[in-house]
Amino acid sequence: MSTLTLPTPGGLASYTLSPPREFPRATPPFPRIALAAAHVVADPVAEQDPWLDAKIDWDRTIAFRRHLWSLGLGVAEAMDTAQRGMGLDWTAAQQLIRLSLDAAKHTPGAVMASGAGTDHLAAGPDVTVDDVIRAYEEQCAAVEAMGGRIILMASRALAKAARGPDDYVRVYDRVLRQVREPVIIHWLGEMFDPALEGYWGHHDHMAAMEVALEVIAAHADRVDGVKISLLDDQKEIAMRRRLPKGVRMYTGDDFNYAELIAGDEQGHSDALLGIFDPIAPAVGGALAALSKNDLSTFHDILAPTVPLSRHIFRAPTRFYKTGVVFMAWLNGHQEHFVMVGGQQSTRSLQHFSELFRLADQAGLLRDPELAASRMRTLLALHGVA
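Below is a short write-up of the structure. (Residues numbered from 1 in each chain as written. Predicted model: local features only at pLDDT ≥ 70, side-chain atom pairs only at ≥ 80, totals over all residues. Heavy atoms only, no water.)

## Brief notes about the overall build of the chain
Logical step 1: What the chain contains, in helices and strands, is 14 helices and 10 strands.
Logical step 2: Projected onto its principal axes, the C-alpha coordinates of the chain cover approximately 60 × 50 × 45 Å.
Logical step 3: Split into buried and exposed, the 385 residues of the chain put 57% on the buried side.
Logical step 4: For the chain, contacts bridging at least 24 residues in sequence account for 70% of all contacts bridging at least 6.
Logical step 5: Surface summary for the chain: the accessible area is close to 15,600 Å², and the carbon and sulfur share equals 50%.
Logical step 6: Each charge class in the chain was averaged separately, 37 positive and 47 negative side chains, and the resulting centres sit 2 Å apart. (Helix = DSSP H or I, 4+ residues; strand = E, 2+ residues; numbered from the N terminus. Buried < 20%, exposed > 50% of the residue type's maximum accessible area, 1.4 Å probe, protein only. Contact = heavy atoms within 4.5 Å. Areas by Shrake-Rupley, 256 points an atom, 1.4 Å probe, with all protein chains shown as cover. Lys, Arg positive; Asp, Glu negative; His and termini not counted. Charge placed at Lys NZ, Arg CZ, Asp CG, Glu CD.)

## Brief notes about the pattern of salt bridges
Logical step 1: Under the criterion given, the structure shown has 19 salt bridges.
Logical step 2: For arginine 60, the salt bridge is made with glutamate 335, and the minimal N-O distance between the two is 3.3 Å. Of this pair, arginine 60 sits in helix α1 (residues 58-70) while glutamate 335 sits in the loop between α12 (320-330) and α13 (349-361), and the two are 275 residues apart along the sequence.
Logical step 3: Each member of the salt-bridge network shares a partner with another, and the members are Arg60, Glu335 and Arg374. (Salt bridge = Lys/Arg side-chain N within 4 Å of Asp/Glu carboxyl O.)

## Concerning the sheet that holds strand β4 (residues 74-77)
Logical step 1: Pairing is parallel in the closed barrel, where eight strands are placed in the order β3-β4-β5-β6-β7-β8-β9-β10. When strand polarity is set aside, the average angle formed by the axes of neighbouring strands in this sheet is 30 degrees.
Logical step 2: The pairing of strand β8 (residues 223-229) with strand β9 (residues 248-251) spans four bridges and is classified as parallel. Counted as the bridge partner of glycine 225 is arginine 248 from β9. (Pairing = 2+ DSSP bridges. Axes fitted to C-alpha atoms, helices over the stretch in contact; angles between N-to-C directions.)

## With respect to the side chain of glutamine 343
Logical step 1: Looking at the element boundaries, glutamine 343 is found in the loop between α12 and α13.
Logical step 2: Those residues in contact with glutamine 343 that sit more than four places away from it in its chain are Gln83, Met86, Phe319 and Thr322.

## Overview of the side chain of serine 269
Logical step 1: Its place among the elements puts serine 269 in the loop between α8 (257-262) and β10 (270-273).
Logical step 2: Here glutamate 236 takes part through its side chain, which lies 2.6 Å from a polar atom of the side chain of serine 269.
Logical step 3: In this structure serine 269 touches Arg32, Glu236, Arg240, Met249, Thr251, Leu260 and Ile261, once residues within four positions along its chain are discounted. (Polar contact = N/O pair within 3.5 Å; in protein donor to acceptor, adjacent residues only side chain to side chain.)

## Some details on helix α9 (residues 280-291)
Logical step 1: Compared with the 16 Å implied by 1.5 Å per residue over 12 residues, the 16 Å span of α9 between its first and last C-alpha is a close match.
Logical step 2: Within α9, 10 of the 12 residues are buried, which leaves it mostly tucked inside the rest of the structure.
Logical step 3: Along α9, the positions that sit buried rather than exposed are Ala280, Ala282, Val283, Gly284, Gly285, Ala286, Leu287, Ala288, Ala289 and Leu290.
Logical step 4: Against β3 (34-37), α1, α8, α10 (295-302) and α11 (305-312) lie the buried residues of α9. (Expected span 1.5 Å × (residues − 1).)

## Focus: the packing of aromatic side chains
Logical step 1: Evaluation of the coordinates by the stated rule reveals 15 aromatic pairs.
Logical step 2: Aromatic side chains tyrosine 257 and phenylalanine 276 sit 6.4 Å apart centroid to centroid with 85 degrees between the ring planes, which places their arrangement in the edge-to-face category. Of this pair, tyrosine 257 sits in helix α8 while phenylalanine 276 sits in the loop between β10 and α9, and the two are 19 residues apart along the sequence.
Logical step 3: The class of tyrosine 257 is buried, set by a relative accessible area of 0%.
Logical step 4: The class of phenylalanine 276 is buried, set by a relative accessible area of 2%.
Logical step 5: A centroid spacing of 4.7 Å and a plane angle of 40 degrees characterise the contact between phenylalanine 326 and phenylalanine 352, whose relative ring orientation is tilted. Here phenylalanine 352 lies in helix α13 and phenylalanine 326 lies in helix α12, a separation of 26 residues in the sequence. (Phe/Tyr/Trp six-rings, centres within 6.5 Å; stacked < 30°, edge-to-face > 60°.)

## Here we look at the nonpolar core
Logical step 1: Residues Tyr172, Tyr199, Trp200, Met239 and Phe276 are the most contacted members of the largest nonpolar core, which totals 128 residues.
Logical step 2: Excluding residues that lie within four positions of it along the chain, tyrosine 199 makes contacts with Tyr136, Ala154, Ser155, Leu158, Ala159, Tyr168, Tyr172, Trp187 and Ala208.
Logical step 3: Counting residues in each nonpolar core, the second largest holds 10 residues, with Leu35, Ala113, Met153 and Ile184 among its members. (Core = buried A, V, L, I, M, F, W, Y, C linked by side-chain atoms within 4.5 Å.)

## Observations regarding empty space enclosed by the protein
Logical step 1: One pass over the structure, following the stated rule, counts two cavities of 30 Å³ or more.
Logical step 2: Forming the walls of the largest cavity are 15 residues, and the residues nearest its centre are Asp80, Lys227, Ser229, Gly274 and Tyr320.
Logical step 3: For the lining of the largest cavity, the elements supplying multiple residues, two or more each, are β7 (183-188), β8 and β10.
Logical step 4: Counted by class, the lining of the largest cavity contains seven nonpolar, five polar and three charged residues.
Logical step 5: Size it by volume and the second largest cavity reaches roughly 50 Å³.
Logical step 6: If you go around the second largest cavity, the residues you meet are Arg32, Ile33, Ala34, Ile261, Ala271, Phe276, Val283, Ala286, Leu287, Phe298 and Leu302.
Logical step 7: Elements represented by at least two residues in the lining of the second largest cavity include exactly α9 and α10.
Logical step 8: The leading source of residues in the lining of the second largest cavity is α9, at three residues. (1 Å grid on protein atoms, 1.4 Å probe; cavity = no way out; pocket = protein on both sides within 12 Å on 5 of 7 lines; lining within 4 Å. Points joined across faces, edges and corners; volume = space filled by probe spheres on them. Nonpolar A, V, L, I, M, F, W, Y, C, P; charged D, E, K, R; others polar.)

Encoded structure:
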């Protein structure tokens, strides 16, 4: 196996790769719903100003969705992993949703849900709560018109316009009364997006949870589930135990997903996670083991992925997409390490080097020689021979 010289906090050190791990293969139905929030592949040769324009390689982007479906995972489309609000605007998101829905129709067993939010409405002092409602209505109608299922994303404009919890209740009440099918509500924490600080009208997460639970209880027939991304397993479990019967908890905890999916004597979480994008083969294998009630193999597969996930999602957490795309490049799902908005620059060479080591230790570099060659290219670009 290849040996590389990688930066560490103490200087340069040699690292020898291991063989990739072979994960069990299985097909749904699995005992948990598993949706991967998928990234988009930038077009690196298009004429553009990368900080301002979003040029997408649609063929590669859709091919990656087919890869996820082939492993038995569903796709959560046009979410923050796809750089929604960080390079991907609503116009491009609509095209992404349309193309993915078309691909899903031609993929037996494909499961998909799509983000609807208010990101075409810039948050500002003149934006009202009624403006937010109209923005949600517009995007929800667009997703439903394409035949899509809705993930109701958190709104930066609402976080700015709301004067308290009652405004959140009013907005979600209006929107949920109009949806055709039950939706997944996404509570994205401020660690993922600082503009969402104080969502649900409270800076304290437990107080905010009371508002969210009030909304869900009032519209339980319109809510398939809630995804919370707070990176706190105890808060998720506390909310999970109070959800109305039939409403799912979709873990968005990229630090503690293994235990939350496995569950306890009082229940479990399904999953809608950005980390499922780079670790999809392991997830498919773990869910195959869970189908046989083989918790030992389930944890044996997922345990090595957790240090990798915690590294990718380390603070500033909003830059996690860079690690996701880096993994896609290492594994040959795209021919370049270029991102929408130039986001490949958000992490350091030491960060990438540790990510490389952790991915190898989790058995997730499917072609170690290819990964080593690409890592050497990155090292050379940073002046490390």
